[in-house]
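Fold and geometry: a report
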Amino acid sequence: MSDTAHPEPFTVLTSKTVILSQSNIDTDQIIPARFLTTTTRDGLGKAAFYDWRYEADGSVKPEAILNRIDPTEHRILLAGRNFGCGSSREHAPWALADYGFRAVISTEIADIFTSNALKNGVLPIVVDQAVWEDLAAQPDQPVTVDLEANEIRRGNAHPVPFKVEAFARQCLLDGVDTLGWLQSKLPDIEAFEASRESEPA
């Protein structure tokens, strides 16, 4: 995702999942601090989970799951409890999005990470432990995340509802960030200002 482009609209996503079941995966594991010197999102996917994916000399760890899957087919991250804890760095969802993830499902997701993810086109979803275990037991079964219906569907299982803050949900559906939403309201803002200027003092 480039810095100038808005996030892709998020309506319905069907994808395989990648399972990272460890609890307390913090933002420094998602993207190490040494990669935070950049202010651009482009290319940060290479730094996503860098220390898990590469040796100290930069060579690839072939056993790392994120080096063994196709990011275009695995766009949903099934993460352990308390995902995204730690510092408030916005680079974490930038890295996940640039790698290819559009949704993160966990039993618990840190509040600041949730806010940052929603602003950057990544949908964080909290489910209960039974749903998480069911998803983890069938990693190769495609999962559908339907933001229009606010539900997760997989196989013959009953749909699982989830909640997303209303304004963030609308921005994701429209494929805009907060600035893009404000810009879309510019004609209304200008019309309101013009009406105020025409009122008698």
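Placed above this text is the structure.
Residues numbered from 1 in each chain as written. Predicted model: local features only at pLDDT ≥ 70, side-chain atom pairs only at ≥ 80, totals over all residues. Heavy atoms only, no water.

1. Concerning helix α6 (residues 166-174)
As a reminder, the rule being used: Relative accessibility thresholds used throughout: buried, under 20% of the residue-type maximum; exposed, over 50%; partly exposed, between the two (1.4 Å probe, protein chains only). Going along the chain from the N terminus, every DSSP run of H or I of four or more residues is numbered as a helix, and every run of E of two or more is numbered as a strand. For this analysis, a polar contact is any N or O atom pair within 3.5 Å, provided that within protein one partner can donate a hydrogen and the other can accept it, and provided that sequence-adjacent residues contribute only side-chain to side-chain pairs.
Those residues of α6 not exposed but buried are Ala168, Arg169, Cys171, Leu172 and Leu173. For α6, the N-terminal capping position is held by Glu165, with its side-chain oxygen 3.1 Å away from the main-chain nitrogen of Phe167. Just downstream of α6 lies Gly175, where phi reads positive at about 70 degrees.

2. Concerning the nonpolar core
Inside soluble globular proteins, nonpolar side chains tend to come together where they are buried. What counts here: Each nonpolar core is a collection of buried residues, namely Ala, Val, Leu, Ile, Met, Phe, Trp, Tyr and Cys, held together in the definition by side-chain atoms within 4.5 Å. Contacts were defined at the residue level, with two residues in contact if any of their heavy atoms lie within 4.5 Å.
Ranked by internal contacts, the top residues of the largest apolar core, which has 28 residues, are Ile30, Phe49, Leu77, Phe83, Leu96, Val104 and Phe113. Among the elements of the structure, β1 (12-20), β2 (74-79), α3 (91-99) and α4 (111-119) are those that each provide at least two residues to this core. By residue number, the principal contributor to this core is α3, which donates six residues. For Val104, the residues in contact, after removing those within four places along its chain, are Leu77, Ala79, Phe83, Leu96, Ile109, Val122, Leu123, Pro124 and Ile125. If you look at the next biggest cluster of nonpolar residues, it comprises 23 residues, including Leu78, Leu123, Val127 and Phe162.

3. Details of α4
The α-helix winds at 3.6 residues per turn, so residues separated by three or four positions along the chain end up facing the same way. Every buried residue of α4 is accounted for by Phe113, Asn116, Ala117 and Leu118. Where α4 is buried, its residues touch α1 (27-30), α3, β4 (123-126) and α6. Backbone geometry just after α4 places Gly121 at a positive phi near 80 degrees.

4. Observations concerning the sheet that holds β2
Put simply, the rule is: Here the rule is simple: two strands pair whenever DSSP picks up at least two bridges between them.
The sheet built from seven strands is open, its strands ordered β4-β3-β2-β1-β5-β6-β7 with mixed pairing. Each of the sheet's edge strands pairs with one partner strand only, and the pair in question is β4 and β7 (160-161). Here β2 pairs with strand β3 (residues 103-106) via three bridges, running parallel. The residue bridging Ile76 from the neighbouring strand is Ala103, located in β3.

5. Re the environment of Thr40
Positionally, Thr40 belongs in the loop between α1 and α2 (50-53). Counting along the chain gives 51 residues from Thr40 to His91, while the straight-line C-alpha distance between them is 9.0 Å.

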